[in-house]
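Architecture at a glance
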Amino acid sequence: MSISDRRDLIADAAIGTVATAGLRGLTHRAVDAAAGLPTGSTSYYFRTRGALVSACYLRLTELFVADVDRWEADQGRLDLDSAADGMATLLHHWLTTARERQIARFELGLEATRRPELRADLRTAGLAARARTAALLAALGAPRPGPAADLFVAWTDGLLYGWLAGALAATRPVPDATELATVVRRMLEAALSA
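Below: a short report on this structure. (Residues numbered from 1 in each chain as written. Predicted model: local features only at pLDDT ≥ 70, side-chain atom pairs only at ≥ 80, totals over all residues. Heavy atoms only, no water.)

Now for the pattern of salt bridges. Within this structure, the stated rule accounts for 13 salt bridges. One salt bridge connects arginine 70 with aspartate 67, and the closest N-O pair in it is separated by 2.4 Å. Taken as a pair, arginine 70 and aspartate 67 lie in helix H4 (residues 49-74) at a separation of three residues, close to a single helical turn. What makes arginine 70 partly exposed here is its relative accessible area of 48%. Glutamate 117 is the partner of arginine 115 in a salt bridge, and the nearest nitrogen-oxygen pair spans 2.7 Å. For glutamate 117, a relative accessible area of 51% translates into the label exposed. (Salt bridge = Lys/Arg side-chain N within 4 Å of Asp/Glu carboxyl O. Helix = DSSP H or I, 4+ residues; strand = E, 2+ residues; numbered from the N terminus. Buried < 20%, exposed > 50% of the residue type's maximum accessible area, 1.4 Å probe, protein only.)

What follows deals with the packing of helix H1 (residues 3-21) against helix H6 (residues 99-114). Following both chains from N to C, one finds H1 and H6 inclined at 75 degrees, their axes separated by 8 Å at the closest point. The orientation of H1 with respect to H6, classified from their angle, is roughly perpendicular. Contact residues: Ile15, Gly16, Val18, Ala19 and Thr20 in H1; Glu100, Arg101, Ile103, Ala104, Glu107 and Leu108 in H6. For the contact of H1 with H6, the residue count by class is six nonpolar, two polar and three charged. (Axes fitted to C-alpha atoms, helices over the stretch in contact; angles between N-to-C directions. Parallel < 35°, antiparallel > 145°, perpendicular 65-115°, else oblique. Contact = heavy atoms within 4.5 Å. Nonpolar A, V, L, I, M, F, W, Y, C, P; charged D, E, K, R; others polar.)

Attention now moves to the packing of aromatic side chains. In this structure the tally under the stated criterion is three aromatic pairs. Centroid distance phenylalanine 106 to tyrosine 161: 5.3 Å. Interplanar angle 85 degrees. Geometry classified as edge-to-face. Of the two residues, phenylalanine 106 is situated in helix H6 and tyrosine 161 in helix H8 (residues 145-164); the sequence distance between them amounts to 55 residues. For phenylalanine 106, a relative accessible area of 15% corresponds to the buried category. (Phe/Tyr/Trp six-rings, centres within 6.5 Å; stacked < 30°, edge-to-face > 60°.)

Along its 17 residues, helix H9 (residues 177-193) runs 24 Å from first to last C-alpha, staying within 8% of the 24 Å computed at 1.5 Å per residue. For H9, the complete set of buried residues consists of Leu180, Ala181, Val184, Met187, Leu188, Ala191 and Leu192. End-on, the buried residues of H9 take up no more than an arc of 130 degrees, which puts them together on one face. When the buried face of H9 is taken as reference, the exposed residues oriented beyond 90 degrees from it are Thr178, Arg186 and Ser193. Residues of H9 that are buried sit in contact with helix H5 (80-95), helix H7 (119-139) and H8. A distance of 3.2 Å separates the backbone nitrogen of threonine 178 from a side-chain oxygen at the start of H9, and that oxygen is part of aspartate 176. (Expected span 1.5 Å × (residues − 1). Arc of directions from axis to C-beta. Polar contact = N/O pair within 3.5 Å; in protein donor to acceptor, adjacent residues only side chain to side chain.)

Among the secondary structure elements, threonine 27 is positioned in the loop between H1 and helix H2 (28-35). Classification of threonine 27 by relative accessible area gives partly exposed; the value is 36%. Through-space distance from the C-alpha of threonine 27 to that of serine 43 is 9.4 Å; in sequence the pair is 16 residues apart.

Shown next as structure tokens:
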């Protein structure tokens, strides 16, 4: 396994640990166990807990970009309908298969509000999401893609949070891609008129 693969494995295990145990559960030993690595492996690559938290932010950003890249590669044409359908598929992925990543992202975001040293990594991750969203909205004809992207990302985060961690998260099922496409289309229409 290459050094890069090992670092990704550790970052992925750290993300999973944050999702299941919160930041209090994020220790080098816990990540070693979650990754199936010998004790001391995580601290070899990420000497401090702060470095491990930063690795989570960076890996979450890489995974977000990879998800969006895959979605864009699958798009034959880009119009409001295809964007809504594609984004709904992406949201469904984040609510199901990549659920753990989103929970960890929310946990890390809250921690950054209390720890100023984490804000730069949070900002970098947030800017990456907004840049990709602004490019999509510009391609769809948004007159002001930057502000529209801010709104769209906020709505998307609210939707994800509501279904994953909100008051009704434990009692309501994740919507299917068709239901999500209807919601996303409304969000896109509102963002494009902003």
